[in-house]
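What the coordinates show
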Amino acid sequence: EDTADNKSKNGDGDDAKNNGDEDLGKLANNNDTPISDNLSAVSSRTEYYLQRIYVQMGKNANMMGVLLNEMIQPDFPKKVELGGRKILDNMGPTAERTGKLMGDVWDMWMGWGGW
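These remarks concern the structure in this document. Remember, predicted model here, so these are calculated numbers, not experimental data.

Digging into the overall build of the protein chain
Within the protein chain, the secondary structure is distributed over four helices and zero strands. What you see in the protein chain, going N to C, is helices and strands ordered as α-α-α-α. Within the protein chain, buried positions represent 3% of all 115 residues. Summed over all atoms, the accessible surface of the protein chain reaches about 10600 Å², with 59% contributed by carbon and sulfur.

Spelled out as structure tokens, the structure:
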């Protein structure tokens, strides 16, 4: 049925068109709409993360400079060799301790439940 109420609900009739245009104008000019609030929140989060990325990139660049400075030192290859030897020397004892720990954990779990 074509009553004035139905026409305005369906977008038919002059009143509905005028109200729709006014609503669009309000949405376009008002910053308190759900759309603009969401954009504002997204924009703020984006800006926050971009600032964090910018700061971290600066820190990374500084650290790369420090590392480069260390790498061009004449004693750097000797330091790397010495560090590598220390790691290799500790691999055997570390593997033994890890094996013992795994055995202890196995015994704990198997003895704990009565299996």
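Details of the pattern of salt bridges
Scanning the model with the defined rule gives five salt bridges in all. Linking Glu70 and Lys79 is a salt bridge whose minimum nitrogen-to-oxygen distance equals 3.9 Å. Under the relative-accessibility criterion, Glu70 is labelled partly exposed at 37%. A salt bridge links Lys79 to Asp75; the nearest nitrogen and oxygen atoms lie 3.7 Å apart.

Section: the packing of aromatic side chains
Evaluated as defined, the whole model comprises one aromatic pair. Between the aromatic rings of Tyr48 and Tyr49, the centroid separation amounts to 5.0 Å while the plane-to-plane angle is 70 degrees, which identifies the pairing as edge-to-face. On the basis of relative accessible area, Tyr48 is assigned to the partly exposed category, the value being 43%.

A closer look at a nonpolar patch on the surface
A surface patch of nonpolar side chains, about 400 Å² in accessible area, is lined by Met63, Val66, Leu67 and Met71. Inspection of the secondary structure assignment puts Met63 in helix H3 (residues 34-71).

Cut-offs used in this document
- Position numbers for residues start from 1 in each chain and track the written sequence from start to end.
- Local features in this predicted model are restricted to residues whose pLDDT is 70 or higher, and side-chain atom pairs enter the listing and the counts only when it is 80 or higher, whereas totals over whole chains, interfaces and linings include all residues.
- No hydrogens and no water enter the side-chain calculation; it runs on all heavy atoms of the structure.
- In DSSP terms, a helix is any run of H or I states spanning at least four residues, a strand is any run of E spanning at least two, and both are numbered starting from the N terminus.
- Partly exposed describes any residue whose relative accessible area lies between the buried limit of under 20% and the exposed limit of over 50%, with all areas from a 1.4 Å probe on protein chains only and scaled to the type maximum.
- We get accessible surface area from the Shrake-Rupley algorithm with a probe of 1.4 Å; when it comes to residues, only the shown protein chains can shield them.
- A carboxyl oxygen of Asp or Glu within 4 Å of a side-chain nitrogen of Lys or Arg is what we treat as a salt bridge.
- Note on aromatic pairs: the rings of Phe, Tyr and Trp (six-membered ring only in Trp) are paired at centre separations within 6.5 Å, and the planes decide the class, stacked below 30 degrees, edge-to-face beyond 60, tilted for the rest.
- Residues with no salt bridge and a relative accessible area higher than 30% make up the patches, which join like charges within 9 Å and nonpolar side chains (Val, Leu, Ile, Met, Phe, Trp, Tyr) within 5 Å.

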